[in-house]
Amino acid sequence: MAHLAHLGHRDDDAHGEVRAEPGWGTTADGSPVTRWVLDDGTLQVGLVEHGARIQSVLAPDREGERADVVLGFAQLAPYEGKGRSFGATVGRFANRIAGGTFTLDGRTWSIPTTDRGNAIHGGPRPFSQALWTSHPVEGLCGVRFSLLSPDGDNGFPGALSVHVQYVLHGGVLTVRTSATTDAPTVVNLTNHAYWNLAGDGSGTVDAHLVRVAAEAFLPVDASGLPTGERRPVAGTPFDLTQPVPVGYRLRDGEAAGDEQLARGSGFDHCWVLAEEPGGEREPSFAARVEEPVSGRALELWTDQPGVQVFTGGTLAGTLVGKAGVAYGPRAGLALEAQAFPDAPNHPDFPTTVLREGDEFLSVTEFRFSVS
C-alpha cells in the first residue's frame, strides 16, 4: 500500500507526521469520532477515539510493501458491537474477575458479569466502548487519549482518570498508560489488538513463529479463571521459549488432548513475565512474532508482570474485517501486556490495587522489524 502523500501536521524533531480525520465515524448516540493517523516513514498507524484503539498498522515487508497487520474494521459500527475489543484499550480491569466480586479494605465490590459468570474487561460498559477525548502530543509523533471513569462505574470504586499515549518513532509504537484515583480501587489496563503479520484477511496465524520469554504460565479452570498455580511451561504446549509455529504447537497439543488448550479454545492464558507489579521497572523483552513469508516481525517489550496470549479461538466468522474477509479462529494473535487475571482475588499475585496519591503506569512497546 502506498505511503500517504500528505498527513497534515509535521514535526521535524519528531521525525513523523500526524493527521486528524474528524468525523471518521458517528456513535449510535450521535457523537462524532475522530481517527488519527501517525506516520514515521516506516509505519503508519491509525488510532480511533472510540475505545482509544489501534485501528490499523501499515508495516513493510522485505520488499518494502506495506500491509495492514491489525485486525479491525473500516467503519465504527462493528466496534460498537461484537468487535468492541478489537484494538481497544480494555478496562477498568482487563481480563477476568471471578464472579465479578472482590474485597478491598474489608468491603466487597460487585461488577456485572458478562463471561461465564465472571466479569471480563471491565463489565458491560467497558473502556473499549467509551468515547475518549484526544489531542496530539507536542513535539512527538503521537496522540494522547483521556477518559474520566466516575466513582461506581460498572461497580468499581473511585473516580479514575486515565490517559493512553501512543507515540510512533523509528518503527516502534510505544503505548504509555497512566491512571490516578480519588479512592482505593483496582486497575488492570491493556491493549487488545489482534495481529496478523501476513496482513489483515490473509488467513490464519498458524505459520507465525512465536516466542514468549516466560518459564511459567497460569493454568485456568473451565470458566477461564486462573487456578492460582504457576505451572512451568517445560514439557507442555505452552513452552514458547524457542520460536515455534503457533499452529503446529496448538495442533500437537490438541491432538494430545491437552486440557488447558481445550479450556482456552487454543491459547487464552497469561504467561508469567515477572513477579512484581508493573510500572516499577523499565520495559523488557516479553515476546516475538515473525511471519516467515513476508519477513515481518513484531517484538513486545513491557514493564507489566504478564502477557495474555490469545489465538482467537472463539472468533466465529461473524465479523467481516477491513479486507472483506470474515474473522474465524486464529485469524489474529493478541499479545496483551497486563497484570495477572483475577489478581484482586489472589493475594499472592502482583497487586492491582491503586490508592489515592499513587499512579498506575504501564509502558508497552510494539517494535516492528523485517527479518
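Computed from a prediction, not measured in an experiment: that's the story for all the values here.

Q: Explain the overall build of the chain to me, and be specific about the residues and the numbers.
A: Per the secondary structure count, the chain includes two helices and 29 strands. Taken against the 2.2 N^0.38 rule, which gives 21 Å for 371 residues, the C-alpha radius of gyration of the chain at 19 Å falls within 12% of a compact globule. Taking the principal axes of its C-alpha atoms as reference, the chain extends roughly 55 × 50 × 40 Å. Counting only residues that meet the buried cut, the chain has 58% of its 371 residues in that class.

Q: Would you mind going over the layout of surface pockets in detail, with residue names and values included?
A: The space that makes up the largest pocket amounts to roughly 750 Å³. In terms of lining, the largest pocket is formed by 32 residues, of which the most central are S85, I120, Y194, F310 and T314. Residue assignment for the lining of the largest pocket shows that the elements contributing at least two residues are α2 (259–264) and β26 (306–310). Grouping the amino acids of the lining of the largest pocket by side-chain chemistry returns 10 nonpolar, 14 polar and eight charged. Approximately 290 Å³ is the volume attributed to the second largest pocket. Lining of the second largest pocket is provided by 16 residues; of these, P277, G278, V353, E359 and F360 occupy positions nearest its centre. Elements represented by at least two residues in the lining of the second largest pocket include exactly β28 (353–354) and β29 (360–370).

Q: I'd like a rundown of a negative patch on the surface, residues and numbers included.
A: A contiguous patch of negative charge, built from D151, D182, E356 and D358, is present on the exposed surface. Within the secondary structure, D151 sits in the loop between β13 (142–149) and β14 (160–169). Judged by its relative accessible area of 56%, D151 is exposed.

Q: Tell me about helix α1 (residues 246–255), and please be specific about residues and values.
A: Those residues of α1 that fall on the buried side of the exposure criterion are V246, G247, R249, L250 and G253. Buried positions in α1, seen along its axis, are confined to an arc of 160 degrees and lie on one side of it. Exposed residues pointing more than 90 degrees away from the buried face of α1 are listed as Y248, D252 and A255. Turning to α1, the residues buried within the fold contact β19 (209–212), β22 (244–245) and α2. Just downstream of α1 lies G257, where phi reads positive at about 75 degrees.

Q: So what's going on with empty space enclosed by the protein? Residues and values would help.
A: Per the counting criterion, the structure on display carries two cavities of 30 Å³ or more. Put simply, the largest cavity is a space of about 120 Å³. Taken together, 14 residues form the lining of the largest cavity, with V175, T190, N191, A337 and T364 sitting closest to its centre. The element contributing the most residues to the lining of the largest cavity is β29, with four residues. When grouped by side-chain class, the residues that make up the lining of the largest cavity number seven nonpolar, six polar and one charged. Taken as a whole, the second largest cavity encloses approximately 40 Å³ of empty space. The element best represented in the lining of the second largest cavity is strand β23 (residues 268–272), accounting for three residues. For the lining of the second largest cavity, a count of residues per class yields five nonpolar, four polar and two charged.

Q: Give a description of the pairing of strand β10 (residues 107–110) that names residues and reports values.
A: Looking at chain direction, strand β9 (residues 101–104) and β10 are connected through four bridges and run antiparallel. Note on β10: the bridge partner recorded for T101 is S110. Hairpin geometry of β9 and β10 is characterised by an intervening segment of two residues between the two adjacent antiparallel strands and by a positive phi of about 55 degrees at D105.

Q: Explain the sheet that holds strand β20 (residues 216–218) residue by residue, including any values.
A: Sheet architecture is open: six strands sit in the order β18-β27-β26-β23-β20-β21, paired in antiparallel fashion. Both outer strands of the open sheet, β18 (194–195) and β21 (231–232), are each paired with one neighbouring strand and no more. Across two bridges, the pairing between β20 and β21 is antiparallel. The residue bridging F217 from the neighbouring strand is R231, located in β21.

Q: An account of the environment of F73 is needed here, citing residue identities and associated values.
A: Tracing the chain through its elements places F73 in the loop between β6 (66–68) and β7 (89–90). The exposure class of F73 is buried, given its relative accessible area of 2%. Those residues in contact with F73, other than ones at most four positions away along the chain, are W24, Q55, P78, Y79, G83, F86, L319, V320, G321, K322 and Y327.

Q: Give me the packing of aromatic side chains: which residues, what numbers.
A: With the rule as written, the count across this model stands at 18 aromatic pairs. When the centroid spacing of 5.1 Å and the interplanar angle of 75 degrees are considered together, the rings of F73 and Y79 count as edge-to-face. Classification of Y79 by relative accessible area gives buried; the value is 0%. Three or more aromatic residues link up through ring pairs in this structure, and these residues are F73, Y79, F86, Y194, F310 and Y327. The cationic tip of R367 hangs over the ring face of W301; the distance from NZ or CZ to the ring centre is 3.7 Å.

The rules behind each value
- Residues numbered from 1 in each chain as written.
- Predicted model: local features only at pLDDT ≥ 70, side-chain atom pairs only at ≥ 80, totals over all residues.
- Heavy atoms only, no water.
- Helix = DSSP H or I, 4+ residues; strand = E, 2+ residues; numbered from the N terminus.
- Rg over C-alpha atoms; globule rule 2.2 N^0.38 Å.
- Buried < 20%, exposed > 50% of the residue type's maximum accessible area, 1.4 Å probe, protein only.
- 1 Å grid on protein atoms, 1.4 Å probe; cavity = no way out; pocket = protein on both sides within 12 Å on 5 of 7 lines; lining within 4 Å.
- Points joined across faces, edges and corners; volume = space filled by probe spheres on them.
- Nonpolar A, V, L, I, M, F, W, Y, C, P; charged D, E, K, R; others polar.
- Patch = residues over 30% accessible without salt bridge, like charges linked within 9 Å, V, L, I, M, F, W, Y side chains within 5 Å.
- Areas by Shrake-Rupley, 256 points an atom, 1.4 Å probe, with all protein chains shown as cover.
- Salt bridge = Lys/Arg side-chain N within 4 Å of Asp/Glu carboxyl O.
- Lys, Arg positive; Asp, Glu negative; His and termini not counted.
- Charge placed at Lys NZ, Arg CZ, Asp CG, Glu CD.
- Arc of directions from axis to C-beta.
- Contact = heavy atoms within 4.5 Å.
- Pairing = 2+ DSSP bridges.
- Phe/Tyr/Trp six-rings, centres within 6.5 Å; stacked < 30°, edge-to-face > 60°.
- Lys NZ or Arg CZ within 6 Å of the ring centre and 35° of its normal.

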